[in-house]
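Secondary and tertiary structure notes
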Amino acid sequence: MVVYITEAHPSDLWQTESNVRDKVVFASPKTEEERAFVAGTCVRKLEIEFPAVLDEFGNSTERAYTGWPDRLYLIDSHGRVAYKSKPGPFGFKPEQLEIALSLALRGK
């Protein structure tokens, strides 16, 4: 699952070439409705194929999990954080997530 948090690269603050290339160029949303529209458009244009949810406008999920920049989390069957990556994308270590997933599936 992905959680859409505050737009990281809005056109009115810090635009990136990748946003232009992927055609996901938006100004900072000013309302919940604008944020939902931007998130939905990003999910479609970026062809995200797994569940996506929207953080509320106060960004409580982002603050609780330090989701910016990108992070990978594994939540175990007890609802606990079993793995938290370093900031991405450069901090993503798929092999570490794979090990954590294997341990979680074995119930350790």
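Keep in mind the model is a prediction, meaning the values are calculated, not measured. (Residues numbered from 1 in each chain as written. Predicted model: local features only at pLDDT ≥ 70, side-chain atom pairs only at ≥ 80, totals over all residues. Heavy atoms only, no water.)

**Observations regarding the overall build of the protein chain**
Basically, it comes down to this: In DSSP terms, a helix is any run of H or I states spanning at least four residues, a strand is any run of E spanning at least two, and both are numbered starting from the N terminus. Here's how the labels work: a residue is buried when its accessible area is under 20% of the maximum for its type, exposed when over 50%, partly exposed in between, all with a 1.4 Å probe on protein chains only. For this analysis, residues touch if any pair of their heavy atoms sits within 4.5 Å. Only the protein chains shown count as cover for residues, and the accessible areas themselves come from Shrake-Rupley with a 1.4 Å probe. Charge assignment in this entry is limited to Lys and Arg as positive and Asp and Glu as negative, and neither His nor the chain termini are counted. Positions of charges follow a simple convention, taking NZ of Lys, CZ of Arg, CG of Asp or CD of Glu.
Scanning the protein chain for helices and strands turns up four helices and four strands. Within the protein chain, buried positions represent 24% of all 108 residues. Taking the intrachain contacts of the protein chain between residues at least 6 apart in sequence as the baseline, contacts between residues at least 24 apart amount to 31%. Accessible surface, the protein chain: about 7700 Å² in total, of which carbon and sulfur atoms supply 59%. Across the protein chain, the centroid of the 14 positively charged side chains sits 6 Å from that of the 16 negatively charged ones.

**A short note on the pattern of salt bridges**
Using the following cut-off: Whenever a carboxyl oxygen of Asp or Glu lies within 4 Å of a side-chain nitrogen of Lys or Arg, that contact is scored as a salt bridge.
Taken as a whole and assessed by the stated rule, the structure comprises one salt bridge. Here Arg80 ties to Asp76 by a salt bridge, and the two come within 3.3 Å at their closest N and O atoms.

**Concerning the nonpolar core**
Inclusion rule: Here the nonpolar core consists of buried residues drawn from Ala, Val, Leu, Ile, Met, Phe, Trp, Tyr and Cys, with membership extended through side-chain atoms lying within 4.5 Å.
In terms of nonpolar packing, the biggest core is built from six residues, these being Tyr4, Val24, Phe26, Val38, Ala39 and Cys42. When residues in this core are grouped by element, the largest group, three residues, is from helix α2 (residues 32-45). When near neighbours in sequence (up to four residues on either side) are disregarded, Phe26 contacts Pro10, Ser11, Phe37, Val38, Thr41 and Cys42.

**Observations regarding the pairing of strand β4 (residues 81-84)**
Rule in force here: The criterion for strand pairing is that DSSP finds at least two bridges linking the strands in question.
Bridge count for strand β3 (residues 73-75) against β4 is three bridges, and the pairing is antiparallel. Looking across to β4, one finds that Leu74 is bridged to Tyr83.

**Structural notes on the environment of Ala104**
Relative to the helices and strands, Ala104 is located in helix α4 (residues 94-105). On the basis of relative accessibility, which here comes to 26%, the residue Ala104 falls in the partly exposed class. Placed 26 residues apart in sequence, Ala104 and His78 show a C-alpha to C-alpha distance of 10.0 Å.

**Things to note about the side chain of Asn59**
Topologically, Asn59 is positioned in the loop between β2 (52-54) and α3 (60-65). Overall, Asn59 belongs to the buried group, its relative accessible area being 16%. Leave out the neighbours within four places in its chain, and Asn59 touches Thr6 and Arg35.

**Some thoughts on the confidence of the model for the protein chain**
As a reminder, the rule being used: pLDDT expresses, on a scale from 0 to 100, how confident the predictor is about each individual residue.
In this model, the protein chain carries an average pLDDT of 85, and 99% of its residues clear a pLDDT of 70 or more. Within the protein chain, the lowest mean pLDDT, 78, falls on helix α1 (residues 17-22), and the highest, 92, falls on β4.

**Description of the side chain of Arg35**
Mapped onto the elements of the fold, Arg35 is located in helix α2. With no salt bridge to any partner, buried Arg35 finds its closest opposite charge in Asp55, at an N-O distance of 5.0 Å. If sequence neighbours within four positions are ignored, Arg35 has contacts with Tyr4, Ile5, Thr6, Pro29, Leu54, Asp55, Glu56, Phe57 and Asn59.

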